[in-house]
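Letter by letter, the chains look like this.
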Amino acid sequence: EDQVTQSPEALRLQEGESSSLNCSYTVSGLRGLFWYRQDPGKGPEFLFTLYSAGEEKEKERLKATLTKKESFLHITAPKPEDSATYLCAVQAAAAGNKLTFGGGTRVLVKP
Amino acid sequence: DAGVTQSPTHLIKTRGQQVTLRCSPISGHKSVSWYQQVLGQGPQFIFQYYEKEERGRGNFPDRFSARQFPNYSSELNVNALLLGDSALYLCASSPAWGGNEQYFGPGTRLTVT
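Quick caveat, the model's predicted, so the values are computed rather than measured.

### Some thoughts on the environment of Phe-64 of chain B
All names here are of chain B.
Reasoning step 1: Looking at where Phe-64 falls in the secondary structure, it is placed in strand S7 (residues 64–68).
Reasoning step 2: Judged by relative accessible area, which is 2%, Phe-64 ranks as buried.
Reasoning step 3: Sequence separation between Phe-64 and Leu-82 is 18 residues, and the spatial gap between their C-alpha atoms is 12 Å.
Reasoning step 4: Dropping the residues within four chain positions of it, Phe-64 is found in contact with Gln-36, Ile-46, Phe-47, Arg-57, Asn-77, Val-78, Asp-85 and Tyr-89.

As structure tokens, this is what we get:
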């Protein structure tokens, strides 16, 4: 059974204080690993898809990396508007479009 | 371009009632998936549809059912509502099967009293 574990559950940062979020996974044949941002009461907003170990993607202050067992989301010099829950999900090769999500990391960036 | 749309936005139902939630995918997308997200947790997979056929089902009881229409929109039905069905129901749209793009709608907040 595919499993995704995210840590930490919550993260409080000062504005400008860089940090990393971890996503550990087990999956039978990874097709893709997805990162989403979710604001309270809203649907997840797509950030990145990573496909193979060693791959990296960047968007503004966010950078996602992938190894064979985990992914990291690095937040560089965060701003208060980066406050959100960040969700990680895996898609198995044999599972079509099904995503298996972790529990998320709630990030609060204080000015 | 319009994103994934869902209706209604919020819904309050009583235990034992039935509810229908609706989703319109991004134009040109042929796959729709449904997820349930309980407060404080990650989304849980319920169903996936591609080209109007069910292609997968998560670990949910038979009270949950869905369908996809010729225009690729979708409905999720839940019968005999329980308090534990209170959650944010999310629809995700993808252009293809095994797609590397999955975009979510704003969700429908269902409260069962």
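From this point on, the discussion continues.
### Description of the state of the cysteines
Reasoning step 1: Applying the stated rule across the entire model yields two disulfides over all chains.
Reasoning step 2: Put simply, Cys-23 of chain A and Cys-88 of chain A are joined by a disulfide, and their sulfur atoms are 1.9 Å apart. In this structure, the disulfide formed by Cys-23 of chain A and Cys-88 of chain A twists by about -60 degrees around the S-S bond and is classed as left-handed. Of this pair, Cys-23 of chain A sits in strand S3 (residues 19–26) while Cys-88 of chain A sits in strand S9 (residues 84–92); the two residues are 65 residues apart in sequence, bridging distant segments of the chain.
Reasoning step 3: A relative accessible area of 0% places Cys-23 of chain A in the buried class.
Reasoning step 4: Paired by a disulfide, Cys-23 of chain B and Cys-91 of chain B hold their sulfur atoms 1.8 Å apart.

### Here's the deal with the sheet that holds strand S1 (residues 3–7) of chain A
All names here are of chain A.
Reasoning step 1: Spatially, five strands are ordered S1-S3-S8-S7-S6 in an open sheet, and the strand pairing comes out antiparallel. If you trace the sheet from one side to the other, it starts and ends with S1 and strand S6 (56–59), each paired once. Taking the axes of each pair of neighbouring strands and ignoring which way they run, one obtains an average angle of 15 degrees across the sheet.
Reasoning step 2: As defined by bridge partners, S1 adjoins S3 across five bridges and the pair is classed as antiparallel. Its bridge partner being in S3, Ser-7 is matched across the sheet by Asn-22.

### Structural notes on the environment of Ala-95 of chain A
Residue and element names in this part refer to chain A.
Reasoning step 1: Looking at the secondary structure, you find Ala-95 in the loop between S9 and strand S10 (100–101).
Reasoning step 2: You can call Ala-95 buried: its relative accessible area is 16%.
Reasoning step 3: Along the backbone, Ala-95 and Val-4 are 91 residues apart, and their C-alpha atoms lie at a distance of 15 Å.

### Points about the sheet that holds S7 of chain B
Pairing between sheet strands relies on hydrogen bonds along the backbone, with the strands arranged either parallel or antiparallel.
Residues and elements named next belong to chain B.
Reasoning step 1: Pairing within the open sheet is antiparallel, and its four strands lie in the order S1-S3-S8-S7. Pairing within the sheet leaves two strands with one partner each, and these edge strands are strand S1 (5–7) and S7. Here the strands of the sheet are splayed against their neighbours by 15 degrees on average, with no regard to which way each runs.
Reasoning step 2: Taken together, the five bridges between S7 and strand S8 (residues 74–78) define a ladder with antiparallel strand orientation. Bridging across to S8, Phe-64 finds its partner in Val-78.

### Regarding the packing of aromatic side chains
Reasoning step 1: The final tally for this structure, using the stated rule, is 13 aromatic pairs over all chains.
Reasoning step 2: Pairing Tyr-35 of chain B with Phe-104 of chain B gives two aromatic rings, centres 5.5 Å apart and planes at 55 degrees, and the pair type is tilted. Here the residue Tyr-35 of chain B occupies a position in strand S4 (residues 31–37), and Phe-104 of chain B occupies one in strand S10 (residues 103–104), the gap between them amounting to 69 residues.
Reasoning step 3: Accessibility expressed as a relative area gives 0% for Tyr-35 of chain B, which makes it buried.
Reasoning step 4: Residue Phe-104 of chain B is classed as buried on the basis of its relative accessible area, which comes to 9%.
Reasoning step 5: Between the aromatic rings of Phe-60 of chain B and Phe-64 of chain B, the centroid separation amounts to 5.1 Å while the plane-to-plane angle is 65 degrees, which identifies the pairing as edge-to-face. Comparing Phe-60 of chain B with Phe-64 of chain B, the two get one shared label, buried.
Reasoning step 6: The rings of Phe-34, Tyr-36, Phe-46 and Phe-101 of chain A together with Tyr-35, Phe-45, Tyr-103 and Phe-104 of chain B are connected pair by pair, giving a single aromatic cluster.
Reasoning step 7: Over the ring of Trp-97 of chain B we find Arg-55 of chain B; its NZ or CZ atom is 4.9 Å from the centre of that ring.

Reading the values: rules and limits
- Residues numbered from 1 in each chain as written.
- Chains lettered and ligands numbered in written order.
- Predicted model: local features only at pLDDT ≥ 70, side-chain atom pairs only at ≥ 80, totals over all residues.
- Heavy atoms only, no water.
- Helix = DSSP H or I, 4+ residues; strand = E, 2+ residues; numbered from the N terminus.
- Buried < 20%, exposed > 50% of the residue type's maximum accessible area, 1.4 Å probe, protein only.
- Contact = heavy atoms within 4.5 Å.
- Disulfide = S-S within 2.5 Å.
- Pairing = 2+ DSSP bridges.
- Axes fitted to C-alpha atoms, helices over the stretch in contact; angles between N-to-C directions.
- Phe/Tyr/Trp six-rings, centres within 6.5 Å; stacked < 30°, edge-to-face > 60°.
- Lys NZ or Arg CZ within 6 Å of the ring centre and 35° of its normal.

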